[in-house]
Amino acid sequence: MAVLVLSLVFFQALLASRAVVGSARKDEHDFLAHSAEKARLLERISTLEKENEALENLRGSLTSENELLKGRVSEQEETIAKMQEKISLDEGVLEKLRSVVEKDAAKVINLQMEVRQLKADVERKNDKISELEKEVEEDRAMWGPPRRTS
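About the thresholds
Throughout, a residue's number is its position along its own chain's written sequence, starting from 1. Only residues with pLDDT of at least 70 are given local features in this predicted model, and only at 80 or more are side-chain atom pairs given and counted; all residues enter the totals for whole chains, interfaces and linings. Where side-chain values are given, they derive from all heavy atoms of the structure, hydrogens and water being excluded. A run of H or I in DSSP becomes a helix once it reaches four residues, and a run of E becomes a strand once it reaches two; helices and strands are each numbered from the N terminus. Remark: exposure states derive from per-residue accessible area (1.4 Å probe, protein chains only) relative to the maximum for the residue type, with buried under 20%, exposed over 50%, and partly exposed in between. A 1.4 Å probe and the Shrake-Rupley method give the accessible areas. Residues count as covered only by the protein chains that appear here. Residues scored as charged are limited to Lys and Arg (positive) and Asp and Glu (negative), so that His and the chain ends carry no count. To locate a charge, take NZ of a lysine, CZ of an arginine, CG of an aspartate or CD of a glutamate. Patch building starts from residues that exceed 30% relative accessible area and form no salt bridge, then joins like charges within 9 Å and nonpolar side chains (Val, Leu, Ile, Met, Phe, Trp, Tyr) within 5 Å. Salt bridges are defined as contacts in which a side-chain nitrogen from Lys or Arg sits within 4 Å of a carboxyl oxygen from Asp or Glu.

Chemist: Would you mind going over the overall build of the chain with me for this structure?
Modeler: Across its full length, the chain carries 1 helix and 0 strands. C-alpha atoms of the chain, sized along the principal axes, occupy 205 × 25 × 20 Å. By residue count, 0% of the 150 residues in the chain fall in the buried class. Summed over its atoms, the accessible surface of the chain is roughly 14,400 Å², and 61% of this surface lies on carbon and sulfur atoms. Charge-centre separation for the chain: the mean point of 25 positive side chains lies 1 Å from the mean point of 30 negative side chains.

Chemist: How should a negative patch on the surface be read in this particular structure?
Modeler: A contiguous patch of negative charge, built from E123, D127, E131, E135, E138 and D139, is present on the exposed surface. By relative accessible area, which is 56% here, E138 ends up exposed.

Chemist: How should the pattern of salt bridges be read in this particular structure?
Modeler: Charged atoms that come close allow side chains of opposite charge to pair. With the rule as written, the count across this model stands at 8 salt bridges. The salt bridge involving R98 is made with E95; its shortest N-O contact spans 3.1 Å. With a gap of 3 residues between them, R98 and E95 both fall in helix α1 (residues 2-143), about one helical turn apart. You can call R98 partly exposed: its relative accessible area is 45%.

Chemist: Just to check I follow, could you spell out a nonpolar patch on the surface for this structure?
Modeler: The grouping of M1, V5 and V9 at the surface amounts to a nonpolar patch, some 330 Å² of accessible area in total. Relative to the helices and strands, V5 resides in helix α1. Since its relative accessible area comes to 48%, V5 is described here as partly exposed.

In structure tokens, the structure reads:
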């Protein structure tokens, strides 16, 4: 009976040790699974931290570039304003020049008409002179050569 109790105790110890080993294996398996998950998460965290750092650098770079572009836009707006001002001044000059050209064109037309009138007057006077010269010649022929007095 003592052997039987002893066998029973050993048998229970064997069952208990198997349960402990099974539990240990399960715990080990769970621990390894948790360790693998923890390692995967740590790797993911590391990757995300690197990506976050890259994004922060990109943000800084984009901010700098944005400020640079704003400066360029401001310069271009100043240039455009100066060009608009120059265009306005040039348009005023062009308008004055148009006015002067129109006045000069009118003066040229008037002068051309005056030249035509003067040519007609000259022609009439030349005709009159020719007529008078003919009369003088006729009078000379009629009155004879002039006498010389010495």
